[in-house]
Amino acid sequence: MSRFGRTDLPEEQAVAMRKAVRIEIFTICYTTVTIGVVALVLGNSQAMKTAWVEDILSLTPQVAFLVALIFVRRRPTKAHPFGLHRAMSVGHLVAGVALFVVGTTLAWEAISGFLRGDHPTIGTVVLFGSSVWLGWVMIAVMAVIAIGPPFYGRYKLKLAKPLHNKLLYADADMAKADWQTNAASIVGVLGIGVGLWWLDAAAALFISVGIIWDGLRNMKTATLGLLDKRAATYDEKSVHPLIAEVASTLRALPWVADAAVRMRDLGQVFHVEAFVVPTDPRTPVEAYEAASRAVAELDWKVEDVEVIPVSVLPVEADRGVPDDGEPHADGSDDADATGAARGGGGR
Amino acid sequence: MRRRARLVAGVAVISLAAGLGGCGLQIPADPNGTLDRATGAELRVGASPDASLIEVRGDDVSGVLAEVVEAFAASIDATVEWTVGGEEQLVTGLEEGELDLVVGGITDETPWLDRAGVSRGYPEMPGANGRTIVMLVPLGENRFLSTLETFLDEELG
């Protein structure tokens with residue numbers, strides 16, 4: 001469990017990973033039960049049908065995560081020299097496309113149902129010997145199963161950060177917003193109840209737009225990662241502070257005049273190309289190897305590090321200095337200080 | 001912020017339900033008011049003849065299913081006005097608002113799902129010969145359907 005390609009996970013990450021696997025398996029079990037229960041009370045409500053399909057779709061990130069994990073943990077080989085870390089991004093992309101396509105279909109069903117003027121028909125069921133309107137049962141079921149996702153969503157969110165896992169983060173984010181789906185389907189069924197038949201279609205449309213939105217966001221994050229976007233934090237909100245940390249670690253070495261970094265996110269760990277301008281062109285190879293090890297020691301996510309001597313830094317490489325380009329993540333000053341200290345004492 | 005939104009949503013649902021109950025608004029309701037219109041007046045029923053369930057002689061409709069329908073009409077103080085025809089013609093009558101209910105040898109395998117509201121199945125219907133008999137109502141007339149099913153549960157259960 002603690003091995004990640006060529007990376008050995010530190011204790012904190014190893015524990016978080018074990019917890020993540022457990023919670024993903026738990027989520028799959030929980031969702032399977034809710035899918036079964038909702039199927040029993042589905043009826044003719046389009047909102048209920050849409051919420052049900054969303055429930056089924058919500059399994060994809062968890063399955064993708066667990067399947068990708070099998071590959072991600074393999075060591076790099078000659079055939080796969082960078083390891084199989086991209087499996088996580090591929091799973092992420094597949095989940096995004098699935099959400100988008102199915103969301104679009106559901107939105108179309110909701111709109112066309114509304115245009116046809118479909119009046120959803122919901123009758124009764126016999127419950128404990130008396131006839132009860134099925135709508136009440138639907139509302140009760142949707143209210144009860146809305147309880148789980150916000151809790152495990154929050155839990156996953158806490159694990160996504162130390163693991164730097166965007167798939168887990170996306171999964172957690174969707175779970176946190178899941179109650180909206182249940183609330184919308186309850187509104188739809190209540191609408192049918194009071195005779196506002198179109199409220200069902202409106203609720204179904206609301207839910208499907210949410211699914212499409214999730215799909216688009218996931219496709220975007222996964223695609224940008226696969227296109228080797230500069231490494232960002234797990235929530236995609238800012239440039240990853242490690243870029244500045246690596247650059248300043250190298251600059252702090254006495255034989256380095258200047259340094260810049262190309263860092264890409266392989267889905268869970270980073271691949272780092274560090275360009276250095278040596279003060280003396282005759283700098284021995286051992287110095288570069290030591291610099292590479294010093295960078296690798298900065299963080300468990302950077303293990304695959306190449307230090308490349310150049311006379312002029314490539315323009316697209318990031319020097320990790322705030323006024324160099326876009327603003328960097330908060331705390332990069334802090335990172336600089338620790339980076340310099342560790343860099344100075346590099347092996 | 002999220003927590004507050006959830007609280008607001010919860011309060012909204014509860015107060016909506018309580019408010020609706022308080023105003024005497026009934027759930028489920030009929031968007032087109034089928035039950036209200038038929039109560040104390042006439043129930044327009046389409047009959048599709050069936051060997052063991054519905055017999056048609058001239059203007060007279062009889063048989064087990066006809067008796068059940070007459071009893072249901074009586075329970076809402078309505079009198080039955082029969083229309084006899086083929087299933088498709090009767091289903092079109094439901095869609096166009098000319099009929100309130102269609103009965104006959106229609107089972108839970110009925111292909112009219114998209115064009116009519118289908119009641120629960122009643123395998124206990126005498127003369128059904130093992131078939132699970134359903135009745136058809138206008139789409140989305142949920143109060144009427146629920147009232148009918150509740151009656152059938154008591155009558156046949």
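Residues numbered from 1 in each chain as written. Chains lettered and ligands numbered in written order. Predicted model: local features only at pLDDT ≥ 70, side-chain atom pairs only at ≥ 80, totals over all residues.

Regarding the pairing of strand β3 (residues 124-127) of chain A
All names here are of chain A.
Then comes step 1: Pairing between β3 and strand β4 (residues 130-133): four bridges, direction antiparallel. In the strand pairing of β4, L127 is matched with S130.
Then comes step 2: Taking the residues between adjacent antiparallel strands as the criterion, β3 and β4 are bridged by two residues, where F128 takes a positive phi near 50°. (Pairing = 2+ DSSP bridges. Helix = DSSP H or I, 4+ residues; strand = E, 2+ residues; numbered from the N terminus.)

Things to note about the UniProt feature "domain: Cation efflux protein transmembrane" (unreviewed entry) in chain A
Then comes step 1: Residues given the UniProt feature "domain: Cation efflux protein transmembrane" (unreviewed entry) here are residues 26-227 of chain A.
Then comes step 2: A distance of 32 Å separates the end C-alpha atoms of residues 26-227 of chain A, which is 77% helix and 4% strand. (UniProt positions renumbered as here; feature names shortened; annotations may be inferred.)

Structural notes on the domain arrangement of chain A
Residues and elements named next belong to chain A.
Then comes step 1: Looking at the assigned domains, one finds that chain A contains domain 1 (3-226) and domain 2 (241-344).
Then comes step 2: Each partner contributes residues to the interface: domain 1 has 16 residues there, and domain 2 has 10 residues.
Then comes step 3: Class assignment for the residues of the side of domain 1 that touches domain 2 results in six nonpolar, eight polar and two charged. (Domains from an automatic or database assignment. Contact = placed C-beta atoms within 7 Å. Nonpolar A, V, L, I, M, F, W, Y, C, P; charged D, E, K, R; others polar.)

Structural notes on the confidence of the model for chain A
Then comes step 1: Residue-level pLDDT values for chain A average 87, and 91% of them are 70 or greater.
Then comes step 2: Every residue in residues 329-347 of chain A scores below 50 in pLDDT, and together they form 38 contacts with partners more than four places removed in sequence or on other chains. (pLDDT = per-residue confidence, 0-100.)

Some thoughts on the UniProt feature "transmembrane region" (unreviewed entry) in chain A
Residues and elements named next belong to chain A.
Then comes step 1: Residues annotated in UniProt with the feature "transmembrane region" (unreviewed entry) correspond here to residues 21-44, 56-72, 93-111, 131-152 and 186-213.
Then comes step 2: The distance from the first to the last C-alpha atom of residues 93-111 is 27 Å, and the span holds 100% helix and 0% strand.
Then comes step 3: With 89% helix and 0% strand, the stretch residues 186-213 has end C-alpha atoms that lie 21 Å from each other.

What to know about the packing of helix α2 (residues 46-57) of chain A against helix α4 (residues 87-116) of chain A
All names here are of chain A.
Then comes step 1: Viewed as axis vectors pointing N to C, α2 and α4 meet at an angle of 175°, and their least axial separation amounts to 11 Å. Comparing their axes, α4 and α2 come out roughly antiparallel. Of the residues in α4, those touching α2 at Q46, T50, V53 and L57 are A98, L99, V102, L106, E109, A110 and G113.
Then comes step 2: Broken down by class, the residue content of the contact of α2 with α4 amounts to seven nonpolar, three polar and one charged. (Axes fitted to C-alpha atoms, helices over the stretch in contact; angles between N-to-C directions. Parallel < 35°, antiparallel > 145°, perpendicular 65-115°, else oblique.)

Here we look at the interface of chain B and chain A
Accessible area lost upon the coming together of the parts is a frequently used measure of interface size.
Then comes step 1: Contacts between the two partners involve 22 residues from chain B, matched on the other side by 19 residues from chain A.
Then comes step 2: Of all the elements in the fold, those that place two or more residues in the side of chain B that touches chain A are α1 (2-22) and α5 (142-156) of chain B.
Then comes step 3: Among the elements that line the side of chain B that touches chain A, the one with the most residues is α5 of chain B, at six residues.
Then comes step 4: In the side of chain B that touches chain A, the residues fall into 11 nonpolar, six polar and five charged.

Regarding the packing of helix α3 (residues 64-75) of chain B against α5 of chain B
All names here are of chain B.
Then comes step 1: Following both chains from N to C, one finds α3 and α5 inclined at 120°, their axes separated by 11 Å at the closest point. As summarised for this structure, α3 and α5 are arranged oblique, according to the angle between their axes. Handedness of the α3/α5 crossing: right-handed. Contacts between α3 and α5 pair V68, A71, F72 and S75 from the former with L148, F151 and E155 from the latter.
Then comes step 2: When grouped by side-chain class, the residues that make up the contact of α3 with α5 number five nonpolar, one polar and one charged. (Left-handed = near helix turned anticlockwise from the far one by under 90°.)

Examining the sheet that holds strand β6 (residues 270-278) of chain A
All names here are of chain A.
Then comes step 1: Pairing in this open sheet of three strands is mixed, and the strands run β5-β6-β7 from one edge to the other. Two strands in the sheet have a free side with no partner beyond their single neighbour: β5 (256-265) and β7 (302-309). Across the sheet, the mean angle separating the axes of adjacent strands is 20° when strand polarity is ignored.
Then comes step 2: Sheet topology places β5 next to β6; nine bridges connect them, and they run antiparallel. Paired with A260 across the strands is F275, a residue of β6.
Then comes step 3: Sheet strands touched by helix α10 (residues 241-251): β5, β6 and β7. Its angle to β5, the strand with the most contacts, is close to 155°.

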